[in-house]
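Chain by chain, the residues run as shown.
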Amino acid sequence: MFNNKEYLSFIEKSKKDKLDIVVASVVNTLGSTYAKSGNMMLINSNFESVGVLGSPALHKKILDLSKQTLNSKEIIFFKNEPKSKSSGHGISNYLVEAFFYEDDYSALGEALVNIGKTLVRNIYTSEYSFLDKKSEIKFENNLFYQSIEFPYSLLIFGSGDHVTSLIEMANLMGWRTTVIDTNIKKQTVLNADYLIQLDKIEDINNMDLTTYNSSVILSHSPIKDDIYLEALLKSKVEYIGVLGNKKNMQKKKNKFNLENDKRFYAPVGLDIGGTTHQSIALSICSQIEARKNGKI
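Residues numbered from 1 in each chain as written. Predicted model: local features only at pLDDT ≥ 70, side-chain atom pairs only at ≥ 80, totals over all residues. Heavy atoms only, no water.

Draft legend 1. Seen up close, the overall build of the protein chain. Helix and strand counts for the protein chain come out as seven helices and 15 strands. Overall, the protein chain is about 60 × 45 × 35 Å in size when its C-alpha atoms are taken along their principal axes. Split into buried and exposed, the 296 residues of the protein chain put 46% on the buried side. Put simply, of all contacts in the protein chain between residues at least 6 apart along the chain, 54% involve residues at least 24 apart. Working note: accessible area of the protein chain is about 15800 Å², and carbon and sulfur atoms make up 48% of it. Charge-centre separation for the protein chain: the mean point of 36 positive side chains lies 5 Å from the mean point of 34 negative side chains. (Helix = DSSP H or I, 4+ residues; strand = E, 2+ residues; numbered from the N terminus. Buried < 20%, exposed > 50% of the residue type's maximum accessible area, 1.4 Å probe, protein only. Contact = heavy atoms within 4.5 Å. Areas by Shrake-Rupley, 256 points an atom, 1.4 Å probe, with all protein chains shown as cover. Lys, Arg positive; Asp, Glu negative; His and termini not counted. Charge placed at Lys NZ, Arg CZ, Asp CG, Glu CD.)

Written out as structure tokens, the structure reads:
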């Protein structure tokens, strides 16, 4: 539910302002649709919103239904069908439900402290429960199952000028970004969520890296690269990327016996033909996203 950090920021700000929140969720789809099952749009009682589920017309309809559910306190379940069958667009079912500040946002609020579990909501009543394990997103027997996850997290080693674009691209994806370095250049990492400055590089071996999903080594130092890489290989981080040329990366693969390691990507990034720091950031995030979604 919270795999995009913008959702958490929106909820935190709305709570600070004592606003109610409406959650519009895609329950299921048939055919080709813009948004997929589990995608969400959040709207507060000031009618500020985060998330995109489709066309401007759909956006307006969801805002109108948000006003309705805030007033009635009733759950709304509706089907969105294309006006023309020849459009090629599919059919989507949506669940629109209000959660109130005075109730500490009920199911939505409880979901925030049940990361790793599954929220199960009845689409016709306010009844809900939590499964103690992560389940696939599904809709059956009038019950909508949503897995509860923290935002995807990216760990970046290095803080040079080339890191700025990667942070910006990761922020656009809604990922949480953490920068680690021994001498952080703060002017290049202003938009990172977290900064970790090491007193000495060997301190990385004492860190718990289990909360991170992916990592990219951009230190431009072969010695640092190897120390960071060794620590990451001992962790459960699912994506490990290293910036460098093909010749040096092949040496690294041989040195650490990584030829068959499916977590290791070096040189990091998809080959999209770009040479600017922006296109390199795009290629890295594209590769991470593909890995995250099981496409590579």
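Once the structure has been displayed, the description carries forward.
Draft legend 2. Inspection of the pairing of strand β1 (residues 21–30) at higher detail. In terms of residue burial, β1 counts as a mostly covered element, since seven of its 10 residues are buried. As judged from the five bridges shared by β1 and strand β2 (residues 40–44), these two strands associate in the antiparallel manner. Bridge pairing in β2 places Val23 opposite Leu42. (Pairing = 2+ DSSP bridges.)

Draft legend 3. The arrangement of the pattern of salt bridges in detail. Counted by the stated rule, this structure contains 15 salt bridges. One salt bridge in this structure joins Asp104 and Lys15, with 3.4 Å as the shortest N-O distance. Here Asp104, found in the loop between β5 (91–99) and α3 (106–111), pairs with Lys15, found in helix α1 (residues 5–16); they are 89 residues apart in sequence, far enough to count as distant. Judged by its relative accessible area of 46%, Asp104 is partly exposed. Classification of Lys15 as partly exposed rests on a relative accessible area of 41%. Among the salt bridges present, the one from Glu289 reaches Lys292, with a minimum N-O distance of 3.4 Å. (Salt bridge = Lys/Arg side-chain N within 4 Å of Asp/Glu carboxyl O.)

Draft legend 4. How the structure looks around the environment of Pro82. Relative to the helices and strands, Pro82 resides in the loop between β4 (76–80) and β5. With 10 residues separating them in the primary sequence, Pro82 and Ser92 have C-alpha atoms 9.4 Å apart. Here Pro82 is in contact with Ser87, His89, Gly90 and Ile91, once residues within four sequence places are set aside.

Draft legend 5. Structural context of helix α2 (residues 56–72). Over its 17 residues, α2 runs 24 Å from end to end, which matches the ideal 24 Å to within 8%, given 1.5 Å per residue. Those residues of α2 lying buried are Leu58, Ile62, Leu65, Ser66, Thr69 and Leu70. Down the axis, α2 shows its buried residues gathered within 140° of arc, on one side only. Exposed and facing more than 90 degrees away from the buried side of α2 are Pro56, Ala57, Lys60 and Asn71. In this structure, the buried residues of α2 make contact with β1, β2, β4 and β5. Of the residues flanking the end of α2, it is Lys73, one or two places downstream, whose phi is positive at about 60°. (Expected span 1.5 Å × (residues − 1). Arc of directions from axis to C-beta.)

Draft legend 6. Highlighting helix α4 (residues 163–172). With respect to burial, α4 is a largely interior element, seven of its 10 residues being buried. Along α4, the residues that are buried comprise Val163, Ser165, Leu166, Ile167, Met169, Ala170 and Asn171. Residues of α4 that are buried sit in contact with α1, β10 (153–157), β11 (176–181), β13 (214–217) and α7 (277–292). Looking one or two residues past α4, Gly174 carries a phi angle of roughly 85°, positive in sign.

Draft legend 7. Highlighting the sheet that holds strand β3 (residues 49–50). On the basis of which strands lie adjacent, the open sheet formed by five strands has the order β3-β2-β1-β5-β4 and antiparallel pairing. The open sheet has two free edges, formed respectively by β3 and β4, since each of these has just one partner strand. Of the strands in this sheet, β1, β2 and β3 touch α1, which is tilted by about 15° from β2. The strands touched by α2 within the sheet are β1, β2, β3, β4 and β5, with β4 carrying the most contacts at an inclination of about 165°. (Axes fitted to C-alpha atoms, helices over the stretch in contact; angles between N-to-C directions.)

Taken by themselves, the reported measurements are silent on function.
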